[in-house]
Amino acid sequence: MILSKQKPWEEILSYLDGENNVFILGCNGCAQASGTGGPAQVEEMKNKLGEIGKKITGSAVIDFLCEKALVKSRLRNKVEQLEAADSILVMTCGVGVQAVSAAVNKICHPACDTVNLGGSRGEWRGSERCLECGECLLDYTGGICPLTACTKGLINGQCGGASKGKCELDPEKDCGWELIYNRLKGLNQLNKLRRFIAPKDYSKMMPDVKIISTSHWALERTDQKEGG
Amino acid sequence: MSLQSVLESGKFVITAEVGPLKGTDTTEITEVAELLGGRVDATNVTDQQSSVMRLGSLATCYLLKQKGLDPVLQMTCRDRNRLALQSDLLSAYVLGVKNVLAITGDLPSLGDHPQAKPVYDLDSVQLLWVIKRLNEGYDMVDNELKGKPNFFPGAVVNPGADTEAAFELQLIKMEKKITAGARFFQTQAIFTVDTFAKFMKRAEGFSTPVLAGIIPLKSAGMARFMNKNIAGIFVPEELINKMATTEDRVRTGIEIAANTIKELKGMCQGIHIMAMGWEKRIPAILDAAGL
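Residues numbered from 1 in each chain as written. Chains lettered and ligands numbered in written order. Predicted model: local features only at pLDDT ≥ 70, side-chain atom pairs only at ≥ 80, totals over all residues. Heavy atoms only, no water.

Trainee: I tried to follow the interface of chain A and chain B on my own but got confused; where do I start?
Mentor: Many authors give the size of an interface as the accessible area that is lost as the parts come together. Each partner contributes to the interface: chain A provides 30 residues, whereas chain B provides 29 residues. Interface area, chain A with chain B, both sides summed: about 2500 Å², of which 57% is carbon and sulfur. On the chain A side of the contact with chain B, K152, Y181 and P199 of chain A bury the most area, a combined 23% of that side's loss. Linking E175 of chain B and R194 of chain A is a salt bridge whose minimum nitrogen-to-oxygen distance equals 2.8 Å. (Contact = heavy atoms within 4.5 Å. Buried area = accessible area lost by both parts, 1.4 Å probe. Salt bridge = Lys/Arg side-chain N within 4 Å of Asp/Glu carboxyl O.)

Next up, the structure:
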């Protein structure tokens, strides 16, 4: 299961600045279990955005938004609502945001930070897409994660090593930053690349002690406490 | 004169690159320092270039400083986290090293220790921002420094990006680097003047000095190798033929480099020679270029 937590309200609002029509997507999988993007949270988000005057063109909660093929088929009957939206607010882990970005040609804003996972990389198989960094950057990078798409994990732009659109490490691998550039260009969002992204807080990637402690370890501690 | 004052004077600037060797033998560095003294305005020292483990940039910069040269500390983000980068910067400053070239750094998997864990805690833009903060008297989390440095930071750019996206991305990043504090740029090696002219047309507006990169060709094989393996370098077939058919490779290599310098001279604020083992021939290249 992939754990996520909702981003601060101000951050979500800053993403939606200047956009009046929003489509909201949630997920019945991990996001529901995390309490960040299930039916209840999607409903709540609709109301909160409605209160500040945003028009919600539609919403959907899909089982496993991390499965790209599923996203496409489930959104097929929502095409009009999606087209009426300026952007999509995706209330899931980073894999979900990237699956929607890959399936729909719209700006996709992450509403959550992905915190960590318990053994799963989502259902969109084939490559690692989310590092669970706890500070989701997908809003600035067109729904393509620079930490996983760029071999060096650069967050302020391309290195000088790309050749013919490929990474210097592997001529078969697309340069992540060229993918990001082309995606943002298509969405008329190239200005996002001019923003300085401050150094990341990598402590957010460290698992919480509670998560890395095993039940056995927990039991021993309880025993010790009770014994003492 | 320091690199900063030469750049500010508007004079055409010449910098060259020295690559430390693997080991503790510094004889060659001392010899090169003596040859370059008086001929170049500053000398870059690479930071474990191509991710091959070597003598460090900081120690070598210090040796060059002792010899009267103005060193440029090349600093990559590949091997040090933010603690080590800031600490090494402060160390450099107390040893009299003022110029820093902030670089992201090649991937370790391309070097001689491919098993290494890459760091990249910061990237080159963020490193420039950190240098700016140190100059202001604070570390990157706003703790006050006791005694502040006064670095002269520079950065790199690749004018020969070969797709529209890469070309634009290089310019966008160049602008970000300037905002983060870069005061000068040194470029990837140039062999086609047209490519550089196209780049400078866009970069001129940034009003930050650009020193064009020069690599003297040693052989046709070297040229072909770079075309195949080094992003941003394109040696045209005409130059490769010249190297393949010449009877005196050294003379032709020097001639080609000197001609390129002459052609680039009117377009930029200076040149940066990366001699890759031919450091001792730098004076001959400068002579041939009339510098």
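Trainee: Before we go on, may I ask you to explain the sheet that holds strand β1 (residues 13-18) of chain B in this structure?
Mentor: Working definition: the strands of a sheet are paired by backbone hydrogen bonds and lie parallel or antiparallel to each other. Residue and element names in this part refer to chain B. Strand order in the closed barrel formed by eight strands is β1-β2-β3-β4-β5-β6-β7-β8, with parallel pairing between adjacent strands. Across the sheet, the axes of successive neighbouring strands diverge by a mean angle of 25°, strand direction being ignored. Strand direction decides the pairing type here: strand β3 (residues 71-76) and strand β4 (residues 99-103), joined by five bridges, are parallel. Residue pairing in the sheet places M75 in a bridge with A102 of β4. Lying over the sheet, helix α4 (residues 82-94) contacts β3 and β4, oriented at roughly 170° with respect to β3. (Pairing = 2+ DSSP bridges. Helix = DSSP H or I, 4+ residues; strand = E, 2+ residues; numbered from the N terminus. Axes fitted to C-alpha atoms, helices over the stretch in contact; angles between N-to-C directions.)

Trainee: Is there a simple way to think about the pairing of strand β6 (residues 184-189) of chain B in this case?
Mentor: The side chains of a regular strand alternate, first on one face of the sheet and then on the other. All names here are of chain B. β6 sits mainly inside the fold: five of its six residues count as buried. Pairing of strand β5 (residues 152-157) with β6 involves four bridges; the strand directions are parallel. What sits directly across from V157, in β6, is T187. (Buried < 20%, exposed > 50% of the residue type's maximum accessible area, 1.4 Å probe, protein only.)

Trainee: Would you explain helix α9 (residues 237-245) of chain B in this entry?
Mentor: In an α-helix there are 3.6 residues to a turn, and that puts residues three or four apart on one side. Residue and element names in this part refer to chain B. Of the residues making up α9, those classed as buried are L239, I240 and M243. Angularly, the buried residues of α9 cover 100° about the axis, an arc narrow enough to put them on a single face. In this structure, α9 carries E238 and T245 as exposed residues pointing more than 90 degrees from its buried face. Tucked into the core, α9 has its buried residues touching α8 (220-229) and α10 (249-264). (Arc of directions from axis to C-beta.)

Trainee: Can you walk me through the side chain of K176 of chain B in this structure?
Mentor: Relative to the helices and strands, K176 of chain B is located in helix α6 (residues 164-179). For the buried K176 of chain B, no salt bridge is present, and the opposite-charge side chain at shortest range is D123 of chain B, 6.9 Å distant. Not counting residues up to four positions away in its chain, the partners in contact with K176 of chain B are N156, L193, R194, R195 and F196 of chain A together with V125 of chain B. (Lys, Arg positive; Asp, Glu negative; His and termini not counted.)

Trainee: Help me understand the side chain of Q86 of chain B in this model?
Mentor: Residues and elements named next belong to chain B. Inspection of the secondary structure puts Q86 in helix α4. Residue class for Q86 comes out buried when judged on its relative accessible area of 12%. Polar contacts involving the side chain of Q86 include one to the main-chain amide nitrogen of M140, which spans 2.9 Å. If we ignore the near neighbours within four places in the chain, the residues touching Q86 are V130, L134, D139 and M140. (Polar contact = N/O pair within 3.5 Å; in protein donor to acceptor, adjacent residues only side chain to side chain.)

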